[in-house]
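If you want the building blocks of each chain, they are given just below.
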Amino acid sequence: RAAWQMMCCIEEAMHRFLNDLRFSARTLRKTPGFALTAILTLALGIGAVTSIFSVVDSVLLKPFDFADPGRLVLLREHSGPLAGFNLNNPKHFLNWQSNAKTFSGMALFQNGGHSLSSGTDHPEIVNGMEIQPNFFSVLGVHPLLGREFLPNEATKGHDKEAIITWDAWQRYFQGNPRAVGATLRDGGVPLTVVGVLPRSFGFPHIAEIPGAVSQNAAKPYEIFVPLIPYDTNVYEGNYNFLAIGRMRVGVRVEQAQAELSTIQSAFNQDHKLTTNPQVLAMPFVTGVAGDVSTGLWLLLASVGAVLLIGCVNLANLQLARAVARDRELAVRAALGASRDRLVSAALADSFVLAAAGGALGILLSFAGVRLFVAAAPSYMPRLNTIEVSWPVLLAAAALSILTAFFFGLLPALRSMRVDPQTALQTATTRVSSSRETQHTRALLVAAEVACTLALLIVTGLLARSFATLLTQNRDFDSSHITLAQAFLYAPQYGDTVKGSEKVRAAFDDRALADLAHIPGVQSVAVTSEQPMAGETWIDGVKRPDHPLPPNRTPNANIRWISPSYASTLRIPLVAGRDLNPDDKNHPTNALISEKAARAIWPGENPIGRVFTLGNVTQYTVVGVLADARINDLKSTANMIYIPYWDNPWWRADFLIRSARPASTLLPEIRRTIWNIDPQVALPMISSLDDQVAVSVAPER
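Reading the values: the criteria
Residues numbered from 1 in each chain as written. Predicted model: local features only at pLDDT ≥ 70, side-chain atom pairs only at ≥ 80, totals over all residues. Heavy atoms only, no water. Core = buried A, V, L, I, M, F, W, Y, C linked by side-chain atoms within 4.5 Å. Buried < 20%, exposed > 50% of the residue type's maximum accessible area, 1.4 Å probe, protein only. Helix = DSSP H or I, 4+ residues; strand = E, 2+ residues; numbered from the N terminus. Contact = heavy atoms within 4.5 Å. Pairing = 2+ DSSP bridges. Polar contact = N/O pair within 3.5 Å; in protein donor to acceptor, adjacent residues only side chain to side chain. Phe/Tyr/Trp six-rings, centres within 6.5 Å; stacked < 30°, edge-to-face > 60°. Axes fitted to C-alpha atoms, helices over the stretch in contact; angles between N-to-C directions. Parallel < 35°, antiparallel > 145°, perpendicular 65-115°, else oblique. Left-handed = near helix turned anticlockwise from the far one by under 90°. Nonpolar A, V, L, I, M, F, W, Y, C, P; charged D, E, K, R; others polar. Expected span 1.5 Å × (residues − 1). pLDDT = per-residue confidence, 0-100.

For the rest of this paragraph, the subject is the nonpolar core. One finds F507, I592, F611, F654, I669 and I673 to be the most contacted residues of the largest nonpolar core, which totals 44 residues. Among the elements that make up this core, the one with the highest residue count is helix α14 (residues 500-516) (5 residues). Non-local contacts of I592, meaning those with residues more than four positions away in its chain, are made with A597, W601, P606, F611, V621, G623, V624, L625, M639 and I640. In this structure, I52, L60, C311 and A404 belong to the second largest nonpolar core, which totals 41 residues.

So this is what it looks like as structure tokens:
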């Protein structure tokens with residue numbers, strides 16, 4: 001009986017509330033200006049919050065499709081001289097793997113581009129990984145077809161196997177189950193496919209250097225090959241590998257961190273490591289998101305502030321509107337309406353507005369997500385997974401209800417204080433009611449203005465900072481330059497082939513000469529690293545005349561360039577001379593940046609001075625270039641430029657200055673390169689201005 005009475009009460013309350021909603025809808029139709037303003041305000045606020053929350057949920061909150069992903073951690077080493085490098089030495093890793101008890105498994109891996117082809121066509125560059133055989137076991141992922149790598153397949157001469165993703169299986173083998181056992185050519189070398197991964201598998205790109213910009217990071221991984229770590233007996237240096245670990249059940253990250261720190265500290269003491277490297281264990285999702293998480297949470301907070309401002313504004317409008325309805329409420333109270341009914345009727349207006357605004361806001365959020373994905377950096381983690389999911393839609397619905405309560409609460413509470421006798425005896429309620437609510441409305445206006453002002457100040461500062469970033473002196477000119485990457489993956493270019501350095505140098509020589517003959521081309525240069533890619537190939541610079549301990553040796557970014565590099569980018573020469581073609585016979589002549597000169601020879605003239613990289617090669621400084629922000633617009637770095645004949649890379653980045661746009665040069669660049677070698681892969685041809693724009697996408 002009690003349950004029946006409760007159900008009847010609930011049904012009656014619902015019936016009354018629905019009647020209030022219908023009455024509110026009719027009332028709002030009589031004030032279309034107010035209703036439209038309120039609905040659009042809520043739609044923009046809720047749509048913005050829903051859009052950005054969809055991004056935060058997809059990038060930062062959604063678990064990875066691995067077994068128990070909360071137990072996965074990313075391992076990075078850091079030390080004084082290499083504090084920003086954050087890669088792992090394989091010798092150190094093997095020590096952790098042998099002694100750590102808080103982990104059920106660890107695996108090394110390394111990012112890499114692969115030049116894949118299944119026939120005689122031009123190869124294409126795809127993202128791939130070199131992995132230890134237990135990599136997928138650590139992730140808790142099993143192939144859809146075939147098997148994982150065997151331990152002996154991570155040894156030299158037995159590493160001719162590959163595991164491919166579902167997308168690569170469809171593209172190269174059209175989903176044929178007989179792909180297992182078939183052959184793909186990687187840089188001209190045949191690999192046997194031993195496994196195909198599930199369609200749901202997707203491993204996020206993890207940058208070797210946190211914050212580094214790479215357009216290739218936007219491409220998903222498609223091929224995995226066995227990793228054979230080189231220099232596994234080197235105790236210092238060789239920081240070239242990423243590592244992942246799976247903690248045992250019940251182990252927290254803090255426990256794993258404490259154990260690894262103890263193991264590494266003992267290792268440092270036993271082997272007297274001067275750089276004193278330390279290991280950092282971080283949750284996998286944190287390692288993937290990197291610096292992006294701060295920006296996304298800030299963006300969510302900012303659109304939340306916009307919604308808050310809108311709600312305060314609507315509360316003020318609702319309060320002003322309630323003043324005009326005092327007589328109506330007084331009549332309803334005189335006729336016997338209880339305070340609960342008056343509050344319910346007042347809240348009904350807010351619920352109608354919130355329902356309409358929330359529905360429109362959810363529709364706008366789909367467009368907002370598309371706009372965000374189009375504007376976001378292409379290398380942003382998990383960008384291709386961003387969507388408005390059902391949990392986000394439920395959160396948006398809850399947000400709509402919450403906003404209804406927020407901006408409808410004050411008018412509802414005010415309705416409880418209406419005195420029927422006073423209201424009915426007063427000729428007009430506007431004056432008296434205005435006086436009663438003037439203080440409250442003034443506080444709301446002050447709060448709204450304060451929130452808006454704070455948001456505008458922050459936005460103004462960010463906009464000013466971004467404008468300064470774009471307009472500051474860079475000491476290089478990116479306009480009218482086309483960037484063309486060429487990957488030399490064919491066997492004749494490989495390090496294991498005798499004389500391959502001369503083969504790579506000959507390719508670069510001919511490519512520079514042939515590209516210069518394209519109509520409209522003014523100058524051509526080659527570099528070992530594309531501009532705006534962040535700091536890479538960092539090495540300690542030693543002075544034979546002034547030895548320093550390893551932890552005090554200055555570091556510099558090393559670039560192998562052609563003599564036309566500085567003139568093509570229009571980097572000013574500060575002292576000495578530029579490189580010239582005669583340096584082919586003297587490939588140890590080098591240029592340095594002003595910042596590097598100050599770091600290596602403080603207060604001295606660096607021209608003619610000698611330095612070493614590694615333990616053998618000595619280089620002579622012949623010129624000093626300005627501190628061009630060629631790695632990153634936000635900062636300068638110590639730079640050393642060496643003639644490419646000293647170390648011709650398997651990856652060549654050609655810089656082509658021409659008044660013609662990159663789109664018109666593209667077919668001629670391809671034809672020129674493929675006339676030299678049709679098996680050279682050309683993963684990217686774009687303008688350098690586009691590369692600069694990509695590098696500041698997070699700030700934008």
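Now that the structure has been shown, the text picks up again.
With 6 of its 6 residues buried, strand β8 (residues 221-226) lies for the most part within the structure. Across 2 bridges, strand β5 (residues 161-164) lies against β8 in antiparallel orientation. Its bridge partner lying in β8, I163 is registered against F224.

Residue position: S658 is located in strand β20 (residues 651-658). Assessed through its relative accessible area of 1%, S658 is described here as buried. One polar contact links the side chain of S658 to the main-chain carbonyl oxygen of G520, over a distance of 2.9 Å. Engagement of the side chain of S658 in a polar contact is seen with the backbone nitrogen of R660, the distance being 3.1 Å.

The tally for this structure, following the rule as stated, stands at 28 aromatic pairs. When the ring of F93 is compared with that of W96, the centres are 6.2 Å apart and the planes differ by 70°; the resulting orientation is edge-to-face. Here the residue F93 and the residue W96 both occupy positions in helix α3 (residues 90-99), the gap between them amounting to 3 residues, near one helical turn. Take F93 and W96: they sit in the same class, and that class is buried. Following the ring pairs from residue to residue traces out a cluster consisting of F64, F66, F109, F135, F136, F201, F203, Y221, F224 and F284.

Along the polypeptide, A25 turns up in helix α1 (residues 2-29). With 326 residues separating them along the chain, A25 and F351 place their C-alpha atoms 9.9 Å apart.

Below, the discussion takes up the side chain of R474. Relative to the helices and strands, R474 is located in the loop between α13 (430-471) and β11 (481-487). Among the polar contacts listed, one links the side chain of R474 to the backbone oxygen of L470, at a separation of 3.1 Å. When residues no more than four places from it in sequence are discounted, the contact partners of R474 are D627, A628, R629, L633 and V692.

Residue position: G290 is located in the loop between α7 (284-289) and α8 (292-324). The spatial distance from the C-alpha of G290 to the C-alpha of M380 is 9.8 Å, given a sequence separation of 90 residues.

Bridge count for strand β4 (residues 145-146) against strand β7 (residues 189-196) is 2 bridges, and the pairing is antiparallel. Note that in β7 the partner of G146 across the bridge is G195. Sheet topology note: the β5/β7 ladder contains 4 bridges and is parallel. Pairing of I164 across the sheet is with V196, part of β7.

Our focus in this paragraph is the packing of α3 against helix α6 (residues 253-270). Relative orientation of the contacting elements α3 and α6 amounts to 125°, with a least axis distance of 10 Å. Considering their axes alone, α3 and α6 lie oblique with respect to each other. Handedness of the α3/α6 crossing: right-handed. Contact residues: α3 offers K91, H92, N95, W96 and N99, while α6 offers E259, L260, I263, Q264 and F267. Split by residue class, the contact of α3 with α6 holds 4 nonpolar, 4 polar and 2 charged.

All right, on to the packing of α14 against helix α17 (residues 662-676) then. A packed helix pair is summarised by two numbers, namely the angle formed by the two axes and the spacing between the axes. Running from amino to carboxyl end, α14 crosses α17 at an angle of 145°, the nearest separation of the two axes being 10 Å. At the point where α14 passes α17, the crossing takes the right-handed sense. Residue-level contacts link F507, R510, A511, D514 and L515 of α14 to I669, T672, I673, N675 and I676 of α17. Here the residues of the contact of α14 with α17 sort into 6 nonpolar, 2 polar and 2 charged.

If you check the backbone angles, H480 has positive phi at about 60° while not being a glycine. Mapped onto the secondary structure, H480 falls in the loop between α13 and β11. The backbone phi angle of M532 is positive, close to 65°, even though this residue is not glycine. Secondary-structure assignment places M532 in the loop between β12 (521-527) and β13 (538-542).

With 15 residues, α17 should cover 21 Å at 1.5 Å per step; its first-to-last C-alpha distance of 21 Å lies within 8% of that length. Within α17, the full set of buried residues consists of A662, L665, E668, I669, T672, I673 and I676. The secondary structure elements touched by the buried residues of α17 are β11, α14, β12, β20 and β21 (685-687).

Here the focus is the confidence of the model for the protein. For the protein, per-residue confidence averages 84 on the pLDDT scale, and residues scoring 70 or more make up 86% of the total. In the model, residues 429-433 has pLDDT below 50 throughout and makes 10 contacts with residues more than four positions away in sequence or in other chains.

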